[in-house]
Amino acid sequence: MEYRIENGRLSWSYRGEEVLLEACGRESIRVRASFCTPIDEQRKYNLNDSLTFGIQEGSKVKAYRTDNDAVLQNGKLTVRVEGNGKLTFYYEDVRILREMWIDESVGMPPFQKGREYKGVGGECFQIQTIFEANMEEHIYGMGQENTGCFDLKGCTVDLCQKNTKCTIPFYISTLGYGFLWNNPAVGRAEFVKNRTLWMAERSRQLDYIVIGGGCPAEIMKNYTELTGRMPDVPEWVFGLWQSKLRYGSQEELLAIAREHVCRKIPVSVLVLDYFHWPYQGDWRFDERYFPEPEEMVKELEEMGIRLMVSVWPTVDRRSENYERLDEAGGLLKAERGPDVFYMCRGAETYVDMTNPEAADIMWEKLKESYVSCGISSFWLDEAEPEIYPYDYENMRFRMGNGLEMSNYYPYAYCAGIEERMSEAGLRDGMILVRSAWIGTQRLKAVVWSGDVPSTFESFRKQLTAGLRMAMCAIPLWTTDIGGFYGGDGEEEEFRELMIRWFQFGVFCPVLRMHGYRKPYVKEGNMEDMSGECNTGGPNEIWSFGEEAYQIMREYLDIRDKLIPYIKEQLEITKLTGTPLMRPLVYEYPNDPNTYELSDEYLFGAHVLAAPVMEYKARSRRVYLPEGVWTSGLTGEVYTTNESGQYVEERAPLGYMPVFIRKHTKFS
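Quick caveat, the model's predicted, so the values are computed rather than measured.

What counts as what
Residues numbered from 1 in each chain as written. Predicted model: local features only at pLDDT ≥ 70, side-chain atom pairs only at ≥ 80, totals over all residues. Heavy atoms only, no water. Helix = DSSP H or I, 4+ residues; strand = E, 2+ residues; numbered from the N terminus. Rg over C-alpha atoms; globule rule 2.2 N^0.38 Å. Buried < 20%, exposed > 50% of the residue type's maximum accessible area, 1.4 Å probe, protein only. Contact = heavy atoms within 4.5 Å. Core = buried A, V, L, I, M, F, W, Y, C linked by side-chain atoms within 4.5 Å. Axes fitted to C-alpha atoms, helices over the stretch in contact; angles between N-to-C directions. Parallel < 35°, antiparallel > 145°, perpendicular 65-115°, else oblique. Salt bridge = Lys/Arg side-chain N within 4 Å of Asp/Glu carboxyl O. 1 Å grid on protein atoms, 1.4 Å probe; cavity = no way out; pocket = protein on both sides within 12 Å on 5 of 7 lines; lining within 4 Å. Points joined across faces, edges and corners; volume = space filled by probe spheres on them. Polar contact = N/O pair within 3.5 Å; in protein donor to acceptor, adjacent residues only side chain to side chain. Pairing = 2+ DSSP bridges. Disulfide = S-S within 2.5 Å.

Q: Explain the overall build of the protein residue by residue, including any values.
A: Along the protein, the regular secondary structure elements total eleven helices and 43 strands. The C-alpha atoms of the protein give a radius of gyration of 26 Å, which matches the 26 Å a tight globule of 667 residues would have. Oriented by its inertia axes, the alpha-carbon framework of the protein measures out at about 80 × 70 × 40 Å. For the protein, the residues scored as buried account for 63% of the 667 residues in total. Within the protein, contacts between residues at least 6 apart in sequence are counted, and of these 70% link residues at least 24 apart.

Q: I'd like a rundown of the nonpolar core, residues and numbers included.
A: Grouped together as the largest cluster of nonpolar side chains are 162 residues, with contacts concentrated most on Trp241, Phe378, Ile417, Phe502, Phe504 and Phe507. In terms of residue count, helix α10 (residues 546–576) provides more of this core than any other element does, eleven residues in total. If we ignore the near neighbours within four places in the chain, the residues touching Phe502 are Leu240, Ile481, Leu511, Met513, Ile541, Met552, Tyr555 and Leu556. With 42 residues, the next largest nonpolar core counts Leu21, Leu77, Ile96 and Trp181 among its residues.

Q: Any details on the packing of helix α9 (residues 492–506) against α10? Residues and values, ideally.
A: Relative orientation of the contacting elements α9 and α10 amounts to 5°, with a least axis distance of 9 Å. Relative to α10, the element α9 lies roughly parallel. Across from Met498, Ile499, Phe502, Gln503, Gly505 and Val506 in α9, the residues of α10 making contact are Ala548, Ile551, Met552, Tyr555, Leu556, Ile558, Arg559 and Leu562.

Q: Can you break down the pattern of salt bridges residue by residue, with the values?
A: The final tally for this structure, using the stated rule, is 54 salt bridges. Ionic pairing is found between Glu235 and Lys567, a salt bridge with its closest N-O pair at 2.9 Å. Here Lys567 lies in helix α10 and Glu235 lies in the loop between α1 (216–227) and β19 (240–242), a separation of 332 residues in the sequence. Of the charged contacts in the structure, one is a salt bridge between Asp480 and Arg512, with a shortest N-O distance of 2.5 Å. Taken together, the positions of Asp480 in the loop between β31 (477–478) and β32 (485–488) and Arg512 in strand β33 (residues 511–513) put the pair 32 residues apart, joining distant regions of the chain. Classification of Asp480 by relative accessible area gives buried; the value is 0%. Via salt bridges that share partners, Asp381, Glu382, Glu384, Glu386, Arg434 and Asp451 belong to a single interconnected network.

Q: So what's going on with empty space enclosed by the protein? Residues and values would help.
A: Enumeration over the complete set of coordinates arrives at two cavities of 30 Å³ or more. Lining the largest cavity are Arg43, Tyr45, Asn182, Asn183, Pro184, Ser203, Gln205 and Asp207.

Q: Describe the side chain of Ser458, with residues and values.
A: Relative to the assigned elements, Ser458 resides in helix α8 (residues 456–470). For Ser458, the side chain forms a polar contact with the main-chain oxygen of Pro453, separated by 2.9 Å. Contact partners of Ser458, with chain neighbours within four places excluded, come to Val452, Pro453 and Trp501.

Q: Requested: an account of the sheet that holds strand β28 (residues 400–401), with residues and values cited.
A: If you trace the three strands from one edge of the open sheet to the other, you get β23-β27-β28, paired in antiparallel fashion. Edge positions in the open sheet fall to β23 (333–334) and β28, since each of these has one partner strand only. Sheet topology note: the β23/strand β27 (residues 395–397) ladder contains two bridges and is antiparallel. Counted as the bridge partner of Ala334 is Met395 from β27.

Q: Pulling in residues and values, what's your account of the sheet that holds strand β2 (residues 9–14)?
A: Adjacent strands of a sheet form backbone hydrogen bonds with each other and so pair up, either parallel or antiparallel. With respect to topology, eight strands assemble into an open sheet ordered β1-β2-β3-β4-β18-β15-β14-β12, the strand pairing being antiparallel. The open sheet is flanked by β1 (3–6) and β12 (139–141), the only strands paired with a single partner. Ignoring strand direction, the axes of neighbouring strands in this sheet form an average angle of 20°. Two strands pair when backbone bridges link them, and strand β3 (residues 17–24) and strand β4 (residues 28–35) are joined in this way by eight bridges, in the antiparallel orientation. Residue pairing for β4: Cys24 is matched across the bridge by Ser28. The strands that α1 touches are β3, β4, β14 (170–173), β15 (177–181) and β18 (206–211); relative to β14, the one it contacts most, it runs at about 155°.

Q: Residues and numbers for the state of the cysteines, please.
A: Using the criterion set out here, one finds zero disulfides in the structure. Here Cys166 stays free of any disulfide, with the sulfur of Cys472 as its closest cysteine sulfur at 7.8 Å. Relative accessible area serves as the criterion here: at 1%, Cys166 is assigned to the buried category. Cys215 takes part in no disulfide bond, and the closest cysteine sulfur to it belongs to Cys472, at a distance of 17 Å. Given a relative accessible area of 30%, Cys215 falls into the partly exposed group.

Q: Can you explain the side chain of Glu190? Please cite residues and give values.
A: Here Glu190 shows up in strand β16 (residues 187–192). A polar contact of 2.9 Å, which involves the side chain of Glu190, links it to the side chain of Arg188. Excluding residues within four positions of it along the chain, Glu190 makes contact with Cys155, Thr156, Arg195, Thr196 and Leu197.

Shown next, in the form of structure tokens:
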């Protein structure tokens, strides 16, 4: 087999397969391969163009042949090519990842190749790559889902986007490397005992990057150098976000705002949820319920409150914008059957945000309806897109079939709106979005965990989900405080859940009230906003009894005092990618006590937060890793060595355990 070496690239052709290995960024190596077709080097998706080709200035890249093999080295990361193309990766000369080939050299048809292609039509294949399992490793990241799994070793992960499930196909390993699956196809990843497998249901070529670094902070720095880091965001983001499902009129919204002002409760932003519009895809206020939106926004601003409006990418056939979008090829099409992917007060399809012309049309309407009234922030809901049923192969985007590229849609949706916001000069605007993909961290976007149940079990899973998102470099993450559905403000257990979740929310990047509270109001008809467009009970901090109200007020004061610290810590995020909210294993990867620990976390470099996530619990066990820690309740100081220490901390209802670490330089 003949190897070609040039400018930090190593490539070869063998039995119809084309393979290209390329040094990119710092200590990273990209692998691309195709079968019976040339590698398409224009498919970069969200990688930094300046770092994805050739030898960078000051880099330590070597490529050379040995007697039987070939080697590509980028800093301390090395890949060795053996035999007929078997890849083995090393970091600091220690093997970290090796393709799993079985019976390739016995002269019979191969039992398994490390890279396999199965034709599924046209130039597309079902593609999979398989690596040998290492049971000493622990794996973190891959986006969020409500399984409660933190260490993903032994798990399988579906590569798809759904409500509450966000796929970001990147992980950090305790073996000292990161892995980025640079492919938006629906598929599956397996981190099980007998193998590690990545599979794309429909794709044109294999594309992944192995990222060195040795420890999570350095791996994250290298990953975000390739995919982007957090931009500057306005300070109002860190105050209280207030919303519910849903404020049904201008009068109701303003009454809620006035009540906050009367009670001297600081609110940064009021968020207006869905169906303030006539038909999906109209992207404007329904004048029957919001007759004077410009005056509404002006009054809110005089109270020091911003307005964020919900925007869905769904388009009803009855919408005033349907025909124009359809003629422009700006709607998702079905491969078979009618173009219907969602049913909510009608049959809808979605704006194809992979089509720039469709994004232009949508933004034109947002400017006309909202920006003209002084609104600069948007809640991009239904961003997966959410479809019923989840038959991805039946969707046709401009970029390709749904199986091939639907994981990219959340990024295309969010980036398409953000880019046009920037062009319009909306510097103080922000986006709230329900899903994400590789590179979302470089947008002015807050990601939240979706429509989750109002239970303590769900609460525990949300923390795990947030820590997994942190390991994917998502800096601004939040939840619906109290969960989205099933909560009754008159029930004792739910009131306690609201208190505990609110305490946790204060120690999250974004503090956000939202939820569909009982009693549910369901009567109505399809001619106004009540039919299949329900509203729920109150969801303001005074809605859950006097005890909850007083505790939440106290924690709002704590939040106010935390904001300078949050801003300071996010400067580190902008420079290095290190997230504000992160699991202990991020900073203590050599401490085995942190490998499964997902019920506490570091909030910045100096605060350890330990939420109380059990009903009626008034104490909890907290692990303190190596360092000097001071209890936020008693002031007691704990000095721990590399073995760490467990302590039992009291947690009365009005207190969530936190420990302050003695100031040390974060690295």
